[in-house]
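So the chains spell out like this:
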Amino acid sequence: MNVKELRMSRILNPKSGRSVIIPVDHGIVMGNVEGLEDPIKVLKQLINIGIDGTLLSPGIGKISLDLFSSKDAPGRILTADIPLLSTVPGGSGEVVGHEIIADVEFALRYNFDIVKVLLPWGEREHVQMESVRVVSELANECDRWNVPIMVEPVLWGEAIPKEKRNDPKIIEHASRMALEIGADILKIPYTGDKAEFKDLVSDLKVPVFILGGPKMDNVEGVLKVAKESVEAGAKGIVFGRNVWQNPKMKDLVGALKAIVHDNAEISNTMNDFHLLR
């Protein structure tokens, strides 16, 4: 096991080799997002439930260190960049600029295990190249310090029509390009076809985690994405809004852990964790 693999192992369940990661870094782009008004309170709840890892902004990472003092605390992933979506706080739109806000030295100083960066696609040309530069420079810096870098390619820009933003072929291209730029870990959407996704995961050769994206209509859909993706070879899930915006967060995380770590069936899990309506 090399140094990067050792760091990466800190976010993985030792028995299943998989991970249920619940990020709380959304405020860095979205501001005071619903359900995450008090991120420290949510973090405490998630740690008590027993998640495997979380994503934290630099600021929340600094003020929450004491929550991670126990030997069985979740792994910590640093969100190192900000693709600004508006010059108005809490606003949304096309990326206006992309900057690193915390370097690898910061990650090591505050004992993070992994560094995460976004790679938006479909942006205006100068912003697009800015994002490529941000990711490539951070990937090189991570290599110098043997810190794994998780890259999250996202199809946000206006050059990609909304109806194409879940296109499996574009997701495949974006994932491959993120790998080529230097990703040690990929955080990508599930494409919806288990057989095709299995081939993609196999071809990428690095650990793949599934992002949750916007809030889904029902819990069964959330569990289905988790189950099908790990059956296709994903190392785990990174679900935020679909978890902490759910009033039954504790039960939902329990169900996700059962599916990811124990290969539980969706119907049984929904019944066991009282998620049936």
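Note: the structure precedes this text.
Note that the structure is a prediction, hence the values are computed from the model and not measured.

S.K.: Describe the overall build of the protein chain, and please don't skip the residues or the numbers.
M.R.: Within the protein chain, the regular secondary structure consists of 12 helices and 10 strands. At 18 Å, the protein chain has a C-alpha radius of gyration in line with the 19 Å of a compact globule built from 277 residues. Buried residues in the protein chain amount to 54% of all 277 residues. In the protein chain, once contacts between residues fewer than 6 apart in sequence are set aside, the share between residues at least 24 apart is 66%.

S.K.: Could you give an account of the side chain of T54, with specific residues and numbers?
M.R.: Turning to its location among the elements, T54 is positioned in strand 2 (residues 53-56). By relative accessible area, which is 0% here, T54 ends up buried. The contacts of T54, once residues within four sequence positions are left out, are I21, I22, P23, V24, L43, F68, G75, R76 and I77.

S.K.: Lay out the nonpolar core in plain terms, naming residues and giving numbers.
M.R.: Core analysis: the biggest nonpolar cluster contains 76 residues, and V151, L186, F197, I210, L223, F239 and L256 have the highest contact counts within it. The greatest single-element share of this core, amounting to eight residues, is contributed by helix 11 (residues 249-262). In contact with L223, other than residues within four places in its own chain, are L252, A255, L256, I259, I266, M270 and L275. With 10 residues, the next largest nonpolar core counts I11, L55, M150 and F209 among its residues.

S.K.: Residues and numbers for the packing of aromatic side chains, please.
M.R.: Scanning the entire structure with this criterion turns up three aromatic pairs. For the ring pair Y190 and F197, a centre distance of 5.1 Å and an interplane angle of 80° mean the geometry is edge-to-face. Since its relative accessible area comes to 14%, Y190 is described here as buried. Overall, F197 belongs to the buried group, its relative accessible area being 0%. Through successive ring pairs, a cluster of aromatic residues spans F106, Y110 and F112.

S.K.: Can you break down unusual backbone geometry residue by residue, with the values?
M.R.: For N111, which is not glycine, the phi dihedral falls at a positive 60°. Here N111 lies in the loop between helix 5 (104-109) and strand 6 (114-121). Notably, N263 is not glycine yet its phi reads approximately 55°, a positive angle. Mapped onto the elements, N263 comes out in the loop between helix 11 and helix 12 (266-272).

S.K.: Go over the pattern of salt bridges, please, and point to the residues and values.
M.R.: In the structure shown here, the tally under the stated rule is 12 salt bridges. Residue E105 is joined to R109 by a salt bridge in which the shortest nitrogen-to-oxygen separation is 3.5 Å. In this pair, E105 and R109 both sit in helix 5, four residues apart, roughly one turn of the helix. Via salt bridges that share partners, K194, K227, E231 and E265 belong to a single interconnected network.

S.K.: Give a description of a negative patch on the surface that names residues and reports values.
M.R.: A contiguous patch of negative charge, built from D193, E196, D199 and D203, is present on the exposed surface. Mapped onto the fold, D193 is located in the loop between strand 8 (185-188) and helix 8 (194-204). Residue D193 is classed as partly exposed on the basis of its relative accessible area of 33%.

S.K.: I'd like to hear about the packing of helix 9 (residues 219-231) against helix 11, residue by residue, with values.
M.R.: Relative orientation of the contacting elements helix 9 and helix 11 amounts to 25°, with a least axis distance of 9 Å. Classed by the angle they form, the pair helix 9 and helix 11 counts as roughly parallel. For the pair helix 9 and helix 11, the sense of crossing is right-handed. Mapping the contact onto sequence places V219, V222, L223, A226, K227 and V230 in helix 9 and L252, A255, L256, I259 and V260 in helix 11. The class makeup of the residues in the contact of helix 9 with helix 11 is 10 nonpolar, no polar and one charged.

S.K.: If you had to explain the environment of G35 to someone new, which residues and values would you point to?
M.R.: Looking at where G35 falls in the secondary structure, it is placed in the loop between helix 2 (27-30) and helix 3 (39-49). For the pair G35 and G157, spaced 122 residues apart in the sequence, the C-alpha separation amounts to 26 Å. What G35 contacts, discounting residues up to four positions off in sequence, is V42 and W244.

S.K.: So what about the environment of K250? Which residues, and what values?
M.R.: With respect to the secondary-structure elements, K250 resides in helix 11. K250 sits in the exposed class, given a relative accessible area of 61%. When the C-alpha positions of K250 and V206 are compared, they lie 30 Å apart, and in sequence the two are 44 residues distant.

S.K.: Tell me about the packing of helix 7 (residues 168-181) against helix 8, and please be specific about residues and values.
M.R.: One can describe the packing of helix 7 onto helix 8 by two numbers: an axis separation of 11 Å at closest approach and a directional angle of 15°. Taken together, the axis directions place helix 7 and helix 8 in an arrangement best described as roughly parallel. Seen along the crossing, helix 7 lies across helix 8 with a hand that is right-handed. Counted together, P168, E172, S175, R176 and L179 of helix 7 and E196, L200 and L204 of helix 8 form the full contact between these two elements.

Rules behind the numbers
- Residues numbered from 1 in each chain as written.
- Predicted model: local features only at pLDDT ≥ 70, side-chain atom pairs only at ≥ 80, totals over all residues.
- Heavy atoms only, no water.
- Helix = DSSP H or I, 4+ residues; strand = E, 2+ residues; numbered from the N terminus.
- Rg over C-alpha atoms; globule rule 2.2 N^0.38 Å.
- Buried < 20%, exposed > 50% of the residue type's maximum accessible area, 1.4 Å probe, protein only.
- Contact = heavy atoms within 4.5 Å.
- Core = buried A, V, L, I, M, F, W, Y, C linked by side-chain atoms within 4.5 Å.
- Phe/Tyr/Trp six-rings, centres within 6.5 Å; stacked < 30°, edge-to-face > 60°.
- Salt bridge = Lys/Arg side-chain N within 4 Å of Asp/Glu carboxyl O.
- Patch = residues over 30% accessible without salt bridge, like charges linked within 9 Å, V, L, I, M, F, W, Y side chains within 5 Å.
- Areas by Shrake-Rupley, 256 points an atom, 1.4 Å probe, with all protein chains shown as cover.
- Lys, Arg positive; Asp, Glu negative; His and termini not counted.
- Charge placed at Lys NZ, Arg CZ, Asp CG, Glu CD.
- Axes fitted to C-alpha atoms, helices over the stretch in contact; angles between N-to-C directions.
- Parallel < 35°, antiparallel > 145°, perpendicular 65-115°, else oblique.
- Left-handed = near helix turned anticlockwise from the far one by under 90°.
- Nonpolar A, V, L, I, M, F, W, Y, C, P; charged D, E, K, R; others polar.

Worth remembering: the numbers are spatial, not functional.
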